[in-house]
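# Notes for the structure review
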Amino acid sequence: GGAVSLPEIAVEQPAGTNIADGGSKDFGSVSVGGSKSLVFTIKNTGTADLNLGAITFGAPGGDFSLVSAPAATVPPGGSTTFTVRLIPTAGGMALRTRTISIVNNDLDENPYTFLIQGTRVIGAPEIEVRGNDITISDADLTPRIEDGTDFGTVTVGNYLIHTYTIRNHG
């Protein structure tokens, strides 16, 4: 009898860094209103085709989503990728965690599961007001021609327009 051909799944993120079955991957800190996507690589290190089924997230999973799915079949020595996005919502705990589950035909790693997590951060707004590209300090009570806060003399019936830029550096 000859050797039995078997598929063997491996998952990496980033490419070249293995995530063990039962392991974890941290997305890091992501701001509310922002997002972060990671590309995961599924490799078949076995000698038969690796067939992939559904990729699901443990309930409720709302902050994580599958952006792109892997190929259904990975030949021996081949690979495919899938992308997961974290879009943190307001409320609840800052740490977002879900178990990702990959249905496949590897005899001893079906489903292939690992924890994904990310930390929601809420950035504080920080206002800056500029006139003529010069910062106007908070509580500034001294009008200046340079920053556009001193309009000088304007005759009744005429007008002057000064433009200010407001930025959020938060």
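Residues numbered from 1 in each chain as written. Predicted model: local features only at pLDDT ≥ 70, side-chain atom pairs only at ≥ 80, totals over all residues. Heavy atoms only, no water.

### Things to note about unusual backbone geometry
Put simply, Gln13 and Pro14 share a cis peptide bond, and its omega is -10°. Looking at the element boundaries, Pro14 is found in the loop between strand S1 (9-12) and strand S2 (18-19). Of note, the bond from Asn110 into Pro111 is cis; its omega dihedral lies within 30 degrees of zero at -5°. Along the chain, Pro111 turns up in the loop between strand S9 (95-104) and strand S10 (112-121). For Asp133, which is not glycine, the phi dihedral falls at a positive 65°. With respect to the element layout, Asp133 can be found in the loop between strand S11 (127-131) and strand S12 (134-136). Residue classification places Asp133 among the exposed residues on the basis of a relative accessible area of 57%. (Helix = DSSP H or I, 4+ residues; strand = E, 2+ residues; numbered from the N terminus. Buried < 20%, exposed > 50% of the residue type's maximum accessible area, 1.4 Å probe, protein only.)

### Some thoughts on the pairing of S10
Only one face of S10 is buried: it carries Tyr112, Phe114, Ile116, Gly118 and Arg120, and the other face, with Thr113, Leu115, Gln117, Thr119 and Val121, is open. Bridge count between strand S3 (residues 24-31) and S10: six bridges; the pairing is parallel. Across the sheet, Lys25 pairs through a bridge with Ile116, a residue of S10. Summarising the sheet, S9 and S10 pair through eight bridges and their orientation is antiparallel. (Pairing = 2+ DSSP bridges.)

### Remarks on the environment of Thr80
Tracing the chain through its elements places Thr80 in strand S8 (residues 79-86). Remark: the alpha-carbon pair of Thr80 and Thr45, spanning 35 residues in sequence, is separated by 12 Å. For Thr80, the side chain forms a polar contact with the main-chain nitrogen of Ala71, separated by 2.8 Å. (Polar contact = N/O pair within 3.5 Å; in protein donor to acceptor, adjacent residues only side chain to side chain.)

### Some remarks on the packing of aromatic side chains
Considering all chains together, one arrives at five aromatic pairs under this definition. Ring centres 5.6 Å apart and planes at 40° place the aromatic pair Phe40 and Phe114 in the tilted group. Of the two residues, Phe40 sits in strand S4 (residues 36-44) while Phe114 sits in strand S10, which places them 74 residues apart along the sequence. When sorted by exposure, Phe40 lands in the same class as Phe114, which is buried. Each ring, one from Tyr112 and one from Phe114, has its centre 6.4 Å from the other, and the planes form 75°; the classification is edge-to-face. Taken together, the ring pairs in this structure connect Phe27, Phe40, Phe64, Phe82, Tyr112 and Phe114 into an aromatic cluster. (Phe/Tyr/Trp six-rings, centres within 6.5 Å; stacked < 30°, edge-to-face > 60°.)

### Considering the sheet that holds S12
Judged by pairing direction, the sheet is antiparallel, and its three strands sit side by side in the order S12-S11-S13 without closing on themselves. The sheet is open, and its two borders are formed by S12 and strand S13 (164-168), each paired with just one other strand. Recorded for the sheet is a direction-independent mean angle of 40° between the axes of neighbouring strands. Alignment of S11 against S12, held across three bridges, turns out to be antiparallel. What sits directly across from Arg130, in S12, is Thr135. (Axes fitted to C-alpha atoms, helices over the stretch in contact; angles between N-to-C directions.)

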